[in-house]
Amino acid sequence: MFAPAALAIPFTRWPLATEAWILVWGAHAVMLAATVTAAWQITHRLGTGVRDGLGLFPSWARTSRLLLRMEYQHQPMLVFSVGACAFLLVRVGFFPLLLNACAPEASGTLLPTLIFLVPVQISTALITELVLVGLVVTLLGAAHRPAWEAYLVSALARVALGLGAGWAALALAPLGLTSVWLYRRTRRLTPLIIAHASIALAHTLTVVWISSISDLAHTPALTPFMAFPLL
């Protein structure tokens, strides 16, 4: 599930890196397709549909009642703001680790690296929030399990996926708890996905840009965070 070793890609290594990244893109495409298929099947079995059941641009937000409509209009921005702050705090905590993982191997090029990484970051945000928030809360709720189980499962899953960072992965537990809390309060998943993707892309751009202007290339120690960024 991780990317090839060199993320800041010298011109001489483009063909090899391209082949490796095609495999990464393919793996993400398969996982994304499996996630979307599972979400569609689960929500249709529950009789809710994907949009309304998971909170992906739900139709129930377009109500004719003025006060409810005003509340629903402000919910996405609130969820996005709190979610983005949570993702940003976690990434700021990991940021020194990412920079320390860089080593002077070869000068990289910014544009090709970003072209390779952007689809990975977006698919990661979609898969992570759909599975660890939307499906976890929906399935456990349908099974009439207590709320604390959804919090526990989501937090532990994020920590498990970040174990490559060592003890620092524990910082992902509050992120999981916050995401589930926001989702259970508002049933809005789209703003969480956008917040995850936005912070991930901003963080990736910063790290790759620093690597580029510093004549540094990312080493294998950095790749787990960039390919599956702080789930």
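Right above here is the structure, for reference.
Residues numbered from 1 in each chain as written. Predicted model: local features only at pLDDT ≥ 70, side-chain atom pairs only at ≥ 80, totals over all residues. Heavy atoms only, no water.

Re the overall build of the chain
For step 1, the next point in the chain: The helix and strand inventory of the chain stands at 8 helices and 0 strands.
For step 2, the next point in the chain: Per-residue burial for the chain yields a buried fraction of 45% across its 231 residues.
For step 3, the next point in the chain: Accessible surface, the chain as shown: approximately 11,500 Å² in total, 73% of it carbon and sulfur. (Helix = DSSP H or I, 4+ residues; strand = E, 2+ residues; numbered from the N terminus. Buried < 20%, exposed > 50% of the residue type's maximum accessible area, 1.4 Å probe, protein only. Areas by Shrake-Rupley, 256 points an atom, 1.4 Å probe, with all protein chains shown as cover.)

Remarks on the environment of glycine 134
For step 1, the next point in the chain: Relative to the helices and strands, glycine 134 is located in helix H4 (residues 110-142).
For step 2, the next point in the chain: Assessed through its relative accessible area of 0%, glycine 134 is described here as buried.
For step 3, the next point in the chain: Spatially, the C-alpha atom of glycine 134 lies 8.3 Å from that of valine 180, the residues being 46 residues apart in sequence.

What about the pattern of salt bridges?
When the charged atoms of two side chains with opposite charge come close together, those side chains can pair.
For step 1, the next point in the chain: For the structure on display, the rule yields 2 salt bridges.
For step 2, the next point in the chain: With a shortest N-O distance of 2.8 Å, glutamate 129 and arginine 158 are connected by a salt bridge. On the criterion of sequence distance, the pair formed by glutamate 129 in helix H4 and arginine 158 in helix H5 (residues 147-161) is long-range, its members being 29 residues apart. With respect to burial, glutamate 129 and arginine 158 carry one shared label: buried. (Salt bridge = Lys/Arg side-chain N within 4 Å of Asp/Glu carboxyl O.)

Details of the environment of histidine 203
For step 1, the next point in the chain: Along the polypeptide, histidine 203 turns up in helix H7 (residues 190-213).
For step 2, the next point in the chain: Residues histidine 203 and leucine 88, spaced 115 residues apart in sequence, show a C-alpha to C-alpha distance of 8.5 Å.

Let's talk about the packing of H5 against helix H6 (residues 172-186)
For step 1, the next point in the chain: Contact geometry for H5 and H6: axes closest at 8 Å, N-to-C directions at 140°. Accordingly, the angle class assigned to the pair H5 and H6 is oblique. As for how H5 packs across H6, the hand of that crossing is right-handed. On H6, the residues that touch Ala147, Ala150, Tyr151, Ser154, Ala155, Arg158 and Val159 of H5 are Leu172, Ala173, Leu175, Gly176, Leu177, Ser179, Val180, Trp181 and Arg184. (Axes fitted to C-alpha atoms, helices over the stretch in contact; angles between N-to-C directions. Parallel < 35°, antiparallel > 145°, perpendicular 65-115°, else oblique. Left-handed = near helix turned anticlockwise from the far one by under 90°. Contact = heavy atoms within 4.5 Å.)

A closer look at unusual backbone geometry
For step 1, the next point in the chain: Backbone geometry places histidine 144, a non-glycine residue, at a positive phi of 60°.
For step 2, the next point in the chain: Mapped onto the fold, histidine 144 is located in the loop between H4 and H5.
For step 3, the next point in the chain: Relative accessible area serves as the criterion here: at 72%, histidine 144 is assigned to the exposed category.
For step 4, the next point in the chain: The residue arginine 187 is not glycine, and still its phi comes out positive at about 60°.
For step 5, the next point in the chain: Residue placement: arginine 187 occurs in the loop between H6 and H7.
For step 6, the next point in the chain: Judged by its relative accessible area of 30%, arginine 187 falls in the partly exposed class.

Considering the side chain of threonine 190
For step 1, the next point in the chain: If you trace the backbone, threonine 190 turns up in helix H7.
For step 2, the next point in the chain: In this structure, threonine 190 is in contact with Gly55, Leu56 and Phe57, ignoring residues within four places of it in sequence.

Some remarks on H6
For step 1, the next point in the chain: The end-to-end C-alpha separation of H6 is 21 Å, in line with the 21 Å expected for 15 residues at 1.5 Å each.
For step 2, the next point in the chain: Within the sequence span of H6, burial applies to Leu172, Leu175, Gly176, Ser179, Val180, Leu182, Tyr183 and Thr186. Viewed end-on, H6 has its buried residues packed into an arc of 160°, placing them on one side of the element.
For step 3, the next point in the chain: Positioned one or two residues after H6, arginine 187 has a phi angle of 60°, which is positive. (Expected span 1.5 Å × (residues − 1). Arc of directions from axis to C-beta.)

Some points on the nonpolar core
For step 1, the next point in the chain: One finds Leu54, Leu56, Ala150, Tyr183, Leu189 and Leu192 to be the most contacted residues of the largest nonpolar core, which totals 21 residues.
For step 2, the next point in the chain: Breaking this core down by element, the ones donating at least two residues are helix H1 (14-46), H4, H5, H6 and H7.
For step 3, the next point in the chain: No other element matches H4, which puts 7 residues into this core.
For step 4, the next point in the chain: Once residues lying within four places of it in the same chain are set aside, the contact partners of leucine 56 are Val50, Arg51, Leu130, Leu189, Thr190 and Ile193.
For step 5, the next point in the chain: Ala86, Phe87, Ala169 and Leu175 belong to the second largest nonpolar core, which has 10 residues in total. (Core = buried A, V, L, I, M, F, W, Y, C linked by side-chain atoms within 4.5 Å.)

Things to note about a nonpolar patch on the surface
For step 1, the next point in the chain: A cluster of nonpolar side chains, namely Trp148, Leu152 and Leu156, defines an oily patch on the protein surface of about 350 Å² accessible area.
For step 2, the next point in the chain: Tracing the backbone through its elements, the reader meets tryptophan 148 in helix H5. (Patch = residues over 30% accessible without salt bridge, like charges linked within 9 Å, V, L, I, M, F, W, Y side chains within 5 Å.)

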